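# Secondary and tertiary structure notes
Read off the chains here:
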Amino acid sequence: MTEAIITMKAVEKTYQLGGQVVHALNRIHLTIEEGAFVSIVGPSGSGKSTLMNIIGCLDKPDSGSYVLGGSAVDRLKDHDLAEIRNQKIGFIFQNFNLLGKMTALENVELPLIYRGVKTKERKARARECLEAVGLKERAAHRPNQLSGGQQQRVAIARALAGQPQILLADEPTGALDSKTSDDIMALLTALNHQGRTIVLITHDLEVARKATRTVSIRDGKLQEGEHI
Amino acid sequence: MNVFTSIKMAVRNIQGNKLRSFLTMLGIIIGVGSVIALLAIGQGSSKSVADSVNSLGTNLITVNITNTDTHFTMDQLKQVKQATGVKHVAPVLSGRNTFQKGSTSTTASVTGTTSSYLSIRQMTVKEGRFISSLDEKFRQKVVVLGSDLATTLFENQSPIDKYVRIDGANYLVVGVLNSKGGSMGTSSDDAAFLPYSTAQRLQQTTYITQFYAQAENQQSVNLAMAAISRVMSETYSDSDDYSVVNQQDVMEAMRAVTDSMTMLLTGIAGISLLVGGIGIMNIMLVSVTERTREIGIRKAIGAKRRDIMLQFLIESAVLSMLGGLCGAAIGVLTAKVYELTAGATIVFSLPIMTAAFLFSAIVGIIFGVFPAYKASKLKPIDALRTE
């Protein structure tokens, strides 16, 4: 039995929306093992974005406990959450979220810059990551000189650069055509085979099926399997 | 994240927005440039004033008599000469008269004085001689010309033993002085000197309104001034009727004027630096809004509040320091151009340039704090959501 990398117990999150209290997350229990490839599916408004934000340490739960990679993160301060994001999580966004003024290589370097890695080592590691996603030759290109698929690869390289414990992909194929989507999904699957833990958030069942385990979320409640 | 990487990022961001960065810096450029240029020009002019005052000799004491009811005479002046610490005295009667030589006609200042004047004012004779006590005694119609006036009237000829007409009467030129340069708008080169008695007749006065005294040395200036005041008080009961001033006093008065001018200019320049700082803050605030998404990405990737704060602070500091450097260059250039075109003295002072530059950097940092704080406070999820 592999070790659990994410353990959530009774996580709740509520929002005030026009005077109404919305239970975005309603007593969520979730355990994800190391090396797993889990997809979280749900329609918009189901609370999957909120769940992703909490898994990604971008937001804090109102109540409940959340243990990520052996450390409790549900009560940490912003400063420490930033550190956790930097060390343990690699983000892959729907719209890539690359910095337009920087080259692909510099974008990949970014998490290492915030970690304080020395220039020489940083460049070498960023180059390795770009090579791993097959974009070695595009290192000096800027995002607007790359296709959508290539930009997402750069984003994946950036997520890998920090050697995080989990890759958190939020609709990674949402802005791509089906051919490129397949390429990106193949890349993620390959990374999973190399032992990466991947959490994929999507509303697309086709994409969700590429994962080894699917969890669906609806009205802030989780269900195992893809019952939407 | 280390500071060096932050500076590199800041420079890159500034490069990416060249026009905007330049316009942002303009306030600082103008501020620093004007501080440096104005102070260089101001200090230059106070230096040239100080030089010209010093060239009159630091032992010089000037006495002005404002009371015209009780007349001061040559006999009383002789008493002044006997006073302790006084080496020489020379009465001064100033006027402007018309000079004529052949078809050349000009006006120049005329000073009626005695032979001591030459040594008191530290002047030297180029040709011929200065006024003698005999000229004074016999009211000789002789004249000594300043070098410029001599050139104007006689061109390249020697004026010695030639006649020049002053207000219609003929005067014999007995000497020409060496050039001494101007002091405070008056030039002793474009002037003529007559025996005092002759000048009195020319200007139609009989009493003395001004005289120079020379102290024996610099230490005895105050002693001599006290002695002169004592003699003066025998004739004039009211001390407002006359003034006894030495060069130090003149210099201090001048310095007070130039100092307040400098203060004023610095104040104005300081205000423009302040306005420049507000300009930087404004642009940095716009920049924070524009780059909300970038901030969100950086935060998601692991940037701490400190990192974001530092990034924006360094950016505004680099912006203002760059402006400070450009401003310093432009200030030096402006002062140089002024020096060449106006022929004035300019004095650059490194401490002032450094201070102006540092001030610009401080302005950048102070006005960068608020936008940087605002940027650092953004929540990553909100920042990522903005388009």
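All values reported here derive from a predicted model rather than from experimental measurement.

### Thoughts on the overall build of chain B
Along the backbone of chain B there are 13 helices and 12 strands. Scaling as 2.2 N^0.38, a compact globule of 387 residues should have a C-alpha radius of gyration of about 21 Å, whereas chain B reaches 33 Å, well beyond that. Structurally, chain B occupies a C-alpha span of about 105 × 50 × 30 Å along its principal axes. Put simply, chain B has 387 residues, and 41% of those count as buried.

### A closer look at helix α3 (residues 104-115) of chain A
The buried fraction of α3(A) is high, at 11 of 12 residues. All of the buried residues along α3(A) are Ala104(A), Leu105(A), Glu106(A), Asn107(A), Val108(A), Glu109(A), Leu110(A), Pro111(A), Leu112(A), Ile113(A) and Tyr114(A). Buried residues along α3(A) sit against α2 (78-88), α4 (119-132) and α5 (148-161) of chain A together with α1 (3-16), α10 (292-301) and α11 (305-342) of chain B. Looking at the residues trailing α3(A), positive phi occurs at Gly116(A), about 85°.

### Some thoughts on the interface of chain B and chain A
In this complex, chain B contributes 18 residues to the contact, which on the side of chain A involves 19 residues. When residues of the side of chain B that touches chain A are traced back to their parent elements, those giving at least two are α1, α10, α11 and α13 (380-385) of chain B. Of the residues in the side of chain B that touches chain A, the class split is seven nonpolar, five polar and six charged.

### Things to note about the confidence of the model for chain B
For chain B, the mean per-residue pLDDT works out to 87, and 98% of the residues sit at or above 70. Scoring the predicted complex yields pTM 0.73 and, for the interface, ipTM 0.92.

### Some thoughts on the nonpolar core
In this structure, Ala157(A), Leu168(A), Val199(A) and Ile36(B) are the most contacted members of the largest nonpolar core, which totals 121 residues. By residue number, the principal contributor to this core is α11(B), which donates 13 residues. Ala150(B), Ala215(B), Ile228(B) and Tyr242(B) belong to the second largest nonpolar core, which has 51 residues in total.

### With respect to the UniProt feature "transmembrane region" (unreviewed entry) in chain B
Residues and elements named next belong to chain B. UniProt's entry tags residues 21-42, 263-288, 308-334 and 346-370 with the feature "transmembrane region" (unreviewed entry), counted in the numbering of this structure. Between the C-alpha atoms that bound residues 308-334 there is a distance of 38 Å. The span itself is 100% helix and 0% strand. Taken end to end, residues 346-370 is 84% helix and 0% strand, and its two terminal C-alpha atoms sit 39 Å from one another.

### Here we look at the sheet that holds strand β5 (residues 71-72) of chain A
Strand pairing within a sheet occurs via backbone hydrogen bonds; the two strands may be parallel or antiparallel. One open sheet accounts for four strands, arranged β2-β1-β4-β5 (chain A); its pairing is antiparallel. A single partner strand is all that each edge strand has here, and the edge strands are β2 (20-33) and β5 of chain A.

### Some details on the pairing of strand β6 (residues 89-92) of chain A
All names here are of chain A. The alternating pattern of β6 places Ile 89 and Phe 91 on one face and Gly 90 and Ile 92 on the opposite face, and all of these are buried. By the bridge criterion, four bridges tie β6 to strand β7 (residues 166-170) in an arrangement that is parallel. When the bridges of β7 are listed, Ile 92 appears paired with Ala 169.

### Quick look at the environment of His79(A)
Here His79(A) is to be found in helix α2. Sequence-wise, His79(A) and Glu121(A) are 42 residues apart; in three dimensions their C-alpha atoms are separated by 25 Å. If near-sequence neighbours (up to four positions away) are discounted, His79(A) is found in contact with Lys304(B) and Arg305(B).

How each quantity is defined
Residues numbered from 1 in each chain as written. Chains lettered and ligands numbered in written order. Predicted model: local features only at pLDDT ≥ 70, side-chain atom pairs only at ≥ 80, totals over all residues. Helix = DSSP H or I, 4+ residues; strand = E, 2+ residues; numbered from the N terminus. Rg over C-alpha atoms; globule rule 2.2 N^0.38 Å. Buried ≥ 20, exposed ≤ 12 C-beta atoms within 10 Å, placed from the backbone. Contact = placed C-beta atoms within 7 Å. Nonpolar A, V, L, I, M, F, W, Y, C, P; charged D, E, K, R; others polar. pLDDT = per-residue confidence, 0-100. Core = buried A, V, L, I, M, F, W, Y, C linked by C-beta atoms within 7 Å. UniProt positions renumbered as here; feature names shortened; annotations may be inferred. Pairing = 2+ DSSP bridges.

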